Amino acid sequence: AALSGVTHAQATSDFNVKLDLASRCFVNIDTTTATSQDTTDVTLSYDAFQKDDEDGSTTFNVRCTKNLGYTISVASDTGTIAGITYYLKLVAGSTAQYASASGSAAITTGLAGTGADQPYTIGVRAAKGQAGDCLTSSCTGGSQSHTITVAY
């Protein structure tokens, strides 16, 4: 017998997809491992009592979850190596700025993630006219570590 004109019933069921997002920020993200990477070192070449300030800089990127508010700081904003004192200045963008009387190593307002890399620069300045501290005709004063912290 033919089944013409027979209506077939349907059964339906709805479901939702839920997502729990763990927001993150990275400094110089390694996208293959989702980890932060070190920032390039700054080397200053200073002659005792030099007549001009000695400047250097390094750049880094911060990548945060879109719209996630964050702050950036660098500890500490000053240092001394071989008797030469230097200051750090942190700014948004890729153009270095410098401080010579005190550092300015924090950006605490107005930052929000875009989901893409956002560039920042740390300017390093050793003010002119410093004597230094060295027992020989030339010294490699070593290095001093500074830490970039992105809080979110």
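Residues numbered from 1 in each chain as written. Predicted model: local features only at pLDDT ≥ 70, side-chain atom pairs only at ≥ 80, totals over all residues. Heavy atoms only, no water.

A. Quick peek at the nonpolar core. Core analysis: the largest hydrophobic core is formed by 22 residues, its most contacted members being Phe60, Val62, Tyr70, Ile72, Leu90, Tyr120 and Val150. Elements with a minimum of two residues in this core: strand 1 (25–27), strand 2 (54–64), strand 3 (71–75), strand 5 (84–92) and strand 7 (118–126). The contact partners of Leu90, leaving out residues within four places of it in the chain, are Phe60, Ile72, Ser73, Val74, Ser104, Ala105, Ala106, Ile107, Tyr120, Thr121 and Ile122. (Core = buried A, V, L, I, M, F, W, Y, C linked by side-chain atoms within 4.5 Å. Buried < 20%, exposed > 50% of the residue type's maximum accessible area, 1.4 Å probe, protein only. Helix = DSSP H or I, 4+ residues; strand = E, 2+ residues; numbered from the N terminus. Contact = heavy atoms within 4.5 Å.)

B. Up close: the sheet that holds strand 8 (residues 147–151). Pairing is antiparallel in the open sheet, where three strands are placed in the order 6-3-8. What marks the edges here is a single partner per strand, and that holds for strand 6 (106–107) and strand 8. (Pairing = 2+ DSSP bridges.)

C. View of the pairing of strand 5. Across four bridges, strand 4 (residues 78–81) lies against strand 5 in antiparallel orientation. Each bridged residue has a counterpart across the sheet, and for Ile81 the counterpart in strand 5 is Ile84. Pairing of strand 5 with strand 7 involves seven bridges; the strand directions are antiparallel. Bridge pairing in strand 7 links Ala92 to Tyr120.

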